[in-house]
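Single-letter residue listing:
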Amino acid sequence: MTEQLFDEIKEILTAQNRTSSDIKKIEQAYLFAKKLHEGQYRVSEEPYIVHPVEVAKILTGLKADTNTLIAAFLHDVLEDTPTAPEEIEKLFGTDVLNLVQGVTKLGKLQFKSNEERQAENFRRLFIAMANDIRIVFLKLADRLHNMRTLNFMAANKQHKIARETLDIFAPLANRLGIGRIKAELEDLSLRYLEPEKYFEIARLVSQTKTEREVTVKLLIDKISKDVQKNGINAQITGRAKHYYSIYSKMKRLNIAFHDLYDITAVRVIVDNEKECYEVLGLIHSQFKPIPGRFKDYIAMPKGNMYQSLHTSVIGPRSKPLEVQIRTGDMHEIAEFGVAAHWRYKEKGSQKTSKPDDTKFSWMRKLVEYDKDMTNAEEYVNSVKLDLFSDQVFAFTPNGDVFDLPVNATPVDFAYRIHSDVGNRTVGALINGRITQLDTKLKNGDIVEILTSKTPAPRLDWLNFVVTKQALSKIKQWFKKNNREDNIELGKSNLEHELTKAAFDEYMKQGEFEKVAGQMNYQSAEDLFAALGYGETTINKIINKLKKPEAPKPVETTFHASNREKSTKDITGLEGLMYSIAKCCSPIPGEPIVGVVTRSKGVSVHRIDCNTLETVEPERMLDISWAGKNTNKTYTTTIRVETAEKIGLLKDIISTVADNNINIQYANVKSKNNQVGIIELGIELDNIDTLKKVINSIQSIPDVFSVKRIQTSYNPARKK
């Protein structure tokens, strides 16, 4: 089987006019890897060597150089066999060894968690990629074949690997412009993350295929005749967009499949740039263009070098269609991205594989980020945020272009130019007009930064900058400057939150020194300074100071040993057994009433409980809480209605935890696919705590409402 696969690779290599000596070296690597992996099998039960062969086949399709193909066969040798690095270097050279080591995982190092290990894997990958782009080609091909065979893995691993692929590897392929790999990675990820959506879209695309093909054929025939009349040589094809692209658009616009009008795109490939615009004119003269749907990526290429003209028109049979127009060279770059841009020299030369081209200056940022971040997880999050998010392209008055994440501001722009420019920023002009520094930039904006002679960044910039570079540089400046002011500000904020007496007591006991050590600061003053310039938060410090007690189970029924406690907590139940009603979950500080039951003593309800409507008046007792402060906790349920937004549940749970409230359970559901409903069972000591936590949750952006609810459980009827 593997011999047949390798024969296919040889045929492709021969068609690519590779030399016989290169093909021989590649075959030597295949035979070497096959011998080392002998007896090893994948989860699919196929011989392990199939995997490196498939990885090499993918890279052959990308026209990777000889050493990259050799490394493809050997990429798991160091990790999964007892082979020494020296042996690889001796047989295949230093360049191949560097490539293999660049993709080898950190198998022999110790980490606190799998998450920490994986973050460090990615950090190493990104840094290695900045030095030699071929390493990421290897990693993308490796991940693509793993995704193609993901059906053999357990469900939990499928979900984890697919999420990682969608978060890291597909955006990486997109950033490098490798369209064919990006599309397949996204589709395969969708299959395991949202299987119902994936197969629904696949079914709908298949069902509408015949109708779309008829429409596309009519359009292609018409365009073909027009371009031939004008002496233009053009290749015209039609294709359906990939499933993830369709899914993303449906989700982003909140529309159904049948409301999408550009599921199919017609692609026109011509000989030169001038003909691209000529064909555009011919198409617009025959078919009505849809306003706002024209994009010129030739005059303004994407950050990954993608160039093409995009337009949407009302085509034959009144069906809207998207048309892409590009040259052959542009098409190769759209498919192969960086791989088409660079053709590597042989004999281990690294010079051509480094990102020296200004189009790929973002790769150099991978190294710059590493210098500013304290750990691997922070580094990976920064890369994901700044480099793999949607982009905005803004210009300096001199015409230099900078790529920034969506929602970037003039302050982000200033720090992208240089940290000194950012620190001295006092204002900005966007397209010649004075604007606020928190204004969100749009594609094509011309931004002029106004600076002062002396650096004076503002602390409130941290509230609106979005790039990790700007956040890091602002914090660094405040860390180095105004230290005394920051210490006083941090102290003042803590005193205000804790009260001066409590603050002084903690100082006296040396608690702040202990917390500083736990949070990796050298002293309490460093901790106060960090709070002053925004590196940490009051809640983080207070949570370290006041460790919440272990949650106590809610006592629904009290036995003889509880009678003494009942006298302290509730007035009017002296010496009686009682239970807290689950239907309304009363808590200290609110009006209550007792209901006499036949088997469980007295059931304690809120005075506005719905279940009391069916209870006879003679069974009710006049009772009240002895006070708000008790030694016990009581469970109640709140319902939070929110926007459908990823990560919002985490924000809500964090807010509850910041109030030192224990969460007993959480249920999440959706309402009309637009509103998220989160029900939380929380343990509280009194009504004031409940009000405080409700106000805290209500202040979170995208939270619509927070209210306390009653359950359907009715203990009053269980007599």
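Each remark here, short or long, concerns the structure printed above.
This one's a predicted model, so the numbers in the text were calculated from it and none came from an experiment.

*Asks:* What's the story with the sheet that holds strand E11 (residues 447–451) in this structure? I'm lost.
*Replies:* Strand pairs in the sheet, formed through backbone hydrogen bonds, run parallel or antiparallel to each other. Across the sheet, three strands lie side by side as E10-E9-E11; this open sheet has antiparallel pairing. Since the sheet does not close on itself, it has two edges, and those belong to strand E10 (433–435) and E11, each with one partner. Ignoring strand direction, the axes of neighbouring strands in this sheet form an average angle of 35°. Strand direction decides the pairing type here: strand E9 (residues 425–430) and E11, joined by five bridges, are antiparallel. Counterpart to Gly427 in the pairing with E11 is Leu450.

*Asks:* Help me understand the sheet that holds strand E16 (residues 620–621), please; the structure alone is not making it clear to me.
*Replies:* Ordered in space as E13-E15-E14-E16, the four strands form an open sheet in which the pairing is mixed. What marks the edges here is a single partner per strand, and that holds for strand E13 (578–580) and E16. Taken together, the five bridges between strand E14 (residues 592–596) and strand E15 (residues 602–606) define a ladder with antiparallel strand orientation. Looking across to E15, one finds that Val595 is bridged to Ser603.

*Asks:* Any chance you could explain the packing of helix H23 (residues 483–498) against helix H26 (residues 524–532) here in plain terms?
*Replies:* Close contact between H23 and H26 brings their axes to 7 Å; oriented N to C, the two are set at 85°. Accordingly, the angle class assigned to the pair H23 and H26 is roughly perpendicular. Residues Arg483, Asn486, Ile487, Leu489, Gly490, Lys491, Asn493 and Leu494 of H23 pack against Glu525, Asp526, Phe528, Ala529, Leu531 and Gly532 of H26. When grouped by side-chain class, the residues that make up the contact of H23 with H26 number six nonpolar, four polar and four charged.

*Asks:* How do you make sense of the side chain of Asp412 when you look at a structure like this?
*Replies:* Along the chain, Asp412 turns up in helix H20 (residues 410–417). A polar contact is formed between the side chain of Asp412 and the backbone nitrogen of Thr409, at a distance of 2.9 Å. Residue contacts for Asp412: discarding those within four places in its chain leaves Leu404, Phe464, Val465, Val466, Thr467 and Ala470.

*Asks:* Looking at this structure, I do not really get the packing of helix H11 (residues 179–193) against helix H12 (residues 195–207). What am I missing?
*Replies:* Pairs of packed helices are described in terms of their axes, by the angle between the two and the distance that separates them. Relative to each other, H11 and H12 sit at 120°, their axes nearing to 5 Å. Taken as axis vectors, H11 and H12 run oblique relative to one another. Facing Asp187, Leu190, Arg191, Tyr192 and Leu193 of H11, the residues of H12 in contact are Pro195, Tyr198 and Phe199. Per-class residue counts for the contact of H11 with H12 are six nonpolar, no polar and two charged.

*Asks:* Mind showing me how you'd approach unusual backbone geometry here?
*Replies:* Among all residues except glycine, the phi angle is most often negative; among peptide bonds, the trans geometry is most common. The phi angle at Asn17 is positive, at roughly 60°, despite the residue not being glycine. Within the secondary structure, Asn17 sits in the loop between helix H1 (2–15) and helix H2 (20–36). Accessibility expressed as a relative area gives 68% for Asn17, which makes it exposed. We note that Lys63 has phi near 60°; this positive angle belongs to a residue other than glycine. Tracing the backbone through its elements, the reader meets Lys63 in the loop between helix H3 (50–61) and helix H4 (66–74).

*Asks:* Explain the pairing of E15 here, please?
*Replies:* Every other side chain in a regular strand lies on the same face of the sheet, so the side chains alternate between the two faces. A large share of E15 lies buried, amounting to five of its five residues. Every second residue of E15 is oriented toward a common face, with Val602, Val604 and Arg606 on one face and Ser603 and His605 on the other, all of them buried.

*Asks:* Looking at this model, I keep getting lost on the nonpolar core. Mind explaining?
*Replies:* As a rule of thumb, nonpolar side chains are buried together in soluble globular proteins. With 71 residues, the main nonpolar core has Leu59, Phe73, Leu74 and Ile88 as its most contacted residues. Broken down by element, this core gets its largest block of residues, eight residues, from helix H9 (residues 134–148). Filtering out sequence-adjacent residues up to four positions away, Ile88 remains in contact with Leu74, Val77, Leu78, Thr83, Gly93, Val96, Leu97 and Val100. Counting 45 residues, the second-largest nonpolar core is a separate cluster that includes Phe464, Phe528, Ala530 and Tyr533.

Definitions and limits used
- In this numbering scheme, every chain counts its residues from 1 along its sequence in written order.
- With the structure being a predicted model, the display of local features is reserved for residues of pLDDT at least 70 and the display and counting of side-chain atom pairs for 80 or more, all residues being used for whole-chain, interface and lining totals.
- Computation of side-chain values: all heavy atoms of the structure, hydrogens and water removed.
- For two strands to be treated as a pair, DSSP must find no fewer than two bridges joining them.
- Runs of H or I in DSSP of at least four residues are treated as helices and runs of E of at least two as strands, each being numbered from the N terminus.
- Axes here mean lines fitted to C-alpha atoms, for a helix over just the part in contact, with angles spanning 0 to 180 degrees between N-to-C directions.
- We call two directions roughly parallel when the angle between them is under 35 degrees, roughly antiparallel when it is over 145, roughly perpendicular when it lies between 65 and 115, and oblique otherwise.
- Contacts are residue-level and defined by heavy atoms, with any inter-residue pair within 4.5 Å sufficient.
- Under the scheme applied, nonpolar residues are Ala, Val, Leu, Ile, Met, Phe, Trp, Tyr, Cys and Pro; charged residues are Asp, Glu, Lys and Arg; polar residues are all the others, including Gly.
- Whenever a nitrogen or oxygen atom comes within 3.5 Å of another N or O atom, the pair is scored as a polar contact, on the condition that within protein one atom can donate a hydrogen and the other can accept it, and that pairs from neighbouring residues in sequence are kept only if both atoms are in side chains.
- Summary of the burial criterion: residues with accessible area below 20% of their type's maximum are buried, those above 50% are exposed, and those between are partly exposed, where the area comes from a 1.4 Å probe applied to protein chains only.
- Nonpolar cores were defined as sets of buried Ala, Val, Leu, Ile, Met, Phe, Trp, Tyr and Cys residues, with membership established by side-chain atoms within 4.5 Å.

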